[in-house]
Amino acid sequence: MYSFARKKIYNPLNAGLIKENIHSGMFARKPDISRIAVFEINVKKWQYKRLKQEVEEAWGHHEQYKYNFLGLFTLIVVGCGTTIKDHFLCTEWVTDLLNSCKIELFGGKAPIKVTPCDYCKKLEDYIIYEGLTKDYPFYNREIQYSSAVNC
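Residues numbered from 1 in each chain as written. Predicted model: local features only at pLDDT ≥ 70, side-chain atom pairs only at ≥ 80, totals over all residues. Heavy atoms only, no water.

J.: I keep staring at a nonpolar patch on the surface and nothing clicks. Help me out?
T.: On the surface, Leu-70, Leu-72, Phe-73, Ile-76, Val-77, Val-78 and Ile-84 cluster together into a nonpolar patch covering about 650 Å² of accessible area. Relative to the elements of secondary structure, Leu-72 occurs in helix α3 (residues 69–77). When its relative accessible area of 31% is taken as the criterion, Leu-72 is described as partly exposed. (Patch = residues over 30% accessible without salt bridge, like charges linked within 9 Å, V, L, I, M, F, W, Y side chains within 5 Å. Areas by Shrake-Rupley, 256 points an atom, 1.4 Å probe, with all protein chains shown as cover. Salt bridge = Lys/Arg side-chain N within 4 Å of Asp/Glu carboxyl O. Helix = DSSP H or I, 4+ residues; strand = E, 2+ residues; numbered from the N terminus. Buried < 20%, exposed > 50% of the residue type's maximum accessible area, 1.4 Å probe, protein only.)

J.: Help me understand the layout of surface pockets in this model?
T.: Size it by volume and the second largest pocket reaches roughly 160 Å³. In terms of lining, the second largest pocket is formed by Ala-5, Arg-6, Lys-7, Lys-8, Ile-9, Ile-18, Lys-19, Glu-20, Asn-21, Ser-24, Gly-25 and Met-26. Here the lining of the second largest pocket gets four residues from one element, more than from any other, and that element is strand β1 (residues 2–8). Split into classes, the residues belonging to the lining of the second largest pocket amount to four nonpolar, three polar and five charged. (1 Å grid on protein atoms, 1.4 Å probe; cavity = no way out; pocket = protein on both sides within 12 Å on 5 of 7 lines; lining within 4 Å. Points joined across faces, edges and corners; volume = space filled by probe spheres on them. Nonpolar A, V, L, I, M, F, W, Y, C, P; charged D, E, K, R; others polar.)

J.: Quick question: what am I supposed to make of the nonpolar core here?
T.: Burial of nonpolar side chains together is a common tendency in soluble globular proteins. With 25 residues, the main nonpolar core has Phe-4, Leu-17, Trp-93, Leu-98, Leu-105 and Tyr-119 as its most contacted residues. Secondary-structure elements contributing two or more residues to this core are β1, β2 (11–19), α2 (45–60) and α4 (90–100). Ranked by residue count, the leading element in this core is α4, at five residues. With residues up to four places along the chain from it excluded, the contact list for Phe-4 reads Gly-16, Leu-17, Tyr-65, Lys-66, Tyr-67, Phe-88, Leu-89, Cys-90 and Trp-93. (Core = buried A, V, L, I, M, F, W, Y, C linked by side-chain atoms within 4.5 Å. Contact = heavy atoms within 4.5 Å.)

In structure tokens:
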């Protein structure tokens, strides 16, 4: 899974594009009270290939990507959000990726303005798991996921 989040668990200011693992980092801190949601959407084969390619390309340059603190602040305070080159909120990055692959879920809404709640509302019919991290069906399995994009 990929996310825009803290790189070190105890330093929220050092944040950017990271690879997540359900058995470590923030997920592993309190799996008995942490809640997650997993959605699955149908895409065309070419869209999947392009998404995978773009995620792999981004990971190849992951050190240049930073968390969009200014965007978060302006989104909360004035409701507009500020975009900065190579700086993203998690939902901003995912929405931008999906849009670039012609998977437009939010009718032209600017990626900076898309929230986790927007995803939950839009994809409520596509939820495959919602609940505690420790109860996720794959939590106790040693399975490698190489192409999931998560927030």
